[in-house]
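# What the coordinates show
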Amino acid sequence: MEKKRLTQRFPWLLPIRKKQRIFCFYLGMRFDKNRYCSAQEKTFYPHVLFSSRCPMYNADTGFDMVYQENKVHNLKLAAAKLDGMLIGPGETFSFWKAVRFADRDVPYREALATVNGRLVTVPGGGLCQLSNLLFWVFLHSPLTVTERHGHQVKDFPEPESDAPCGVDAAVAEGWKDLKVRNDTPYAFQIGISFDTAGVTGSLYVREEPGFFWQVENGQVRYQKKRDRVIEEADVIQKKIGLPGGIVLEERLLYTNRCEIGYALPEGRMI
């Protein structure tokens, strides 16, 4: 039997533990020698390095759609802190450093999040959709990923998108962050925009590079362990030169491993 954490045995301790972790979380950033980006500009750089759009609403969660509406509200609050943000040479982007206090004037609403291994509703739920999108965009750049956490469980099917399996980034304030460092001499600019049904993440640059990045799956495997289905997905990044489309570099970024908490489509081999 898996040993329960203290906060699972005594749920009333969770708010105290959360405040403690968040305090130490941001205190650590003050002394970790990273130079965190914070500047935002309303005027965007002229060239889009990569852009991706994903649906905001998911009808397959098993929860009332009001929580999807609440999630969209939360996404827009957080996105206001990200849109136009510059990641200069030598700077580090932190998801939580950027969106901290996004709900200072307008509170976050209750939406879906995983807490202690269970899918529940909490204030500020749903922000992982924004970190997932940013991570997918960052993978199409020379930015160095310094912190990323995959979701341990996929509780419901994801909406259609251009991202392959295993490209996600779980965030939990005080516990899990998404961080990338700019080790190049060039600045990058984040763009986040919304339409009626989707959210688009973009990365802008001043000058067009002579190449682009392509991210895809290698092998995707499913195995059954007791009553659980585990997905293992290789994520591969290719650097492709222009013109001509010659692959200049190819590397395995990581192998993502997570539990699938819903029925797989018929015909999927396990």
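In case you missed it, the structure is sitting above this.
Keep in mind that what you see is a predicted model, and the values were worked out from it rather than measured. (Residues numbered from 1 in each chain as written. Predicted model: local features only at pLDDT ≥ 70, side-chain atom pairs only at ≥ 80, totals over all residues. Heavy atoms only, no water.)

## Some remarks on the sheet that holds strand 12 (residues 228–241)
One open sheet holds the four strands; their spatial order is 7-13-12-11, and the pairing between them is mixed. Of all strands in the sheet, those with a lone pairing partner are strand 7 (153–154) and strand 11 (211–225), marking the two edges. Both strand 11 and strand 12 contribute to a ladder of 13 bridges, which runs antiparallel. Bridge pairing in strand 12 links Phe-212 to Ile-240. (Pairing = 2+ DSSP bridges. Helix = DSSP H or I, 4+ residues; strand = E, 2+ residues; numbered from the N terminus.)

## Comments concerning the pattern of salt bridges
Pairing is possible between side chains that carry opposite charge, provided their charged atoms lie close to one another. All chains considered together, the criterion is met by 11 salt bridges. For the salt bridge of Lys-179 with Glu-147, the shortest nitrogen-to-oxygen distance reads 3.9 Å. Of this pair, Lys-179 sits in strand 8 (residues 179–181) while Glu-147 sits in strand 6 (residues 144–147), and the two are 32 residues apart along the sequence. Exposure class is identical for Lys-179 and Glu-147. Each is buried. A network of salt bridges, in which partner residues are shared, links Arg-221, Glu-232, Asp-234 and Arg-257. (Salt bridge = Lys/Arg side-chain N within 4 Å of Asp/Glu carboxyl O. Buried < 20%, exposed > 50% of the residue type's maximum accessible area, 1.4 Å probe, protein only.)

## A look at a positive patch on the surface
Taken together, Arg-30, Lys-81, Lys-97, Arg-100 and Arg-104 make up a surface patch of like positive charges. With respect to the element layout, Lys-97 can be found in helix 4 (residues 95–99). (Patch = residues over 30% accessible without salt bridge, like charges linked within 9 Å, V, L, I, M, F, W, Y side chains within 5 Å. Areas by Shrake-Rupley, 256 points an atom, 1.4 Å probe, with all protein chains shown as cover. Lys, Arg positive; Asp, Glu negative; His and termini not counted. Charge placed at Lys NZ, Arg CZ, Asp CG, Glu CD.)

## What to know about the nonpolar core
Counting 52 residues, the largest nonpolar core has Leu-82, Phe-93, Phe-95, Leu-134, Phe-138 and Ile-190 as the members making the most contacts within it. Sorting the residues of this core by element identifies helix 2 (14–30), strand 1 (47–55), helix 3 (66–82), helix 4, helix 5 (128–138), strand 9 (188–194), strand 10 (198–205) and strand 11 as the ones contributing at least two each. Here this core gets eight residues from one element, more than from any other, and that element is helix 5. Look past the residues within four positions of Phe-93 in its chain and what remains in contact with it is Cys-37, Leu-82, Met-85, Ile-87, Ala-98, Leu-134, Phe-138, Leu-178, Lys-179, Val-180 and Ile-190. Within the second largest apolar cluster, five residues are counted, among which are Tyr-222, Cys-258, Ile-260 and Leu-264. (Core = buried A, V, L, I, M, F, W, Y, C linked by side-chain atoms within 4.5 Å. Contact = heavy atoms within 4.5 Å.)

## Some remarks on the sheet that holds strand 6
Strand order in this open sheet of three strands is 3-8-6, and the pairing throughout is antiparallel. Because the sheet does not close on itself, it has two edges, and the strands there are strand 3 (92–94) and strand 6. Taken pair by pair, the neighbouring strands of this sheet meet at an average axis angle of 25 degrees, ignoring direction. Bridge count for strand 6 against strand 8 is three bridges, and the pairing is antiparallel. Across the sheet, Thr-144 pairs through a bridge with Arg-181, a residue of strand 8. (Axes fitted to C-alpha atoms, helices over the stretch in contact; angles between N-to-C directions.)

## With respect to the environment of Arg-228
Note on placement: Arg-228 falls in strand 12. With relative accessibility at 38%, the residue Arg-228 sits in the partly exposed group. Through-space distance from the C-alpha of Arg-228 to that of Asn-74 is 32 Å; in sequence the pair is 154 residues apart. Excluding its chain neighbours within four sequence positions, the residues that come into contact with Arg-228 are Gln-223 and Glu-259. Side chain to side chain, Arg-228 and Glu-259 meet in a polar contact 3.5 Å long. (Polar contact = N/O pair within 3.5 Å; in protein donor to acceptor, adjacent residues only side chain to side chain.)

These figures capture arrangement, not role.
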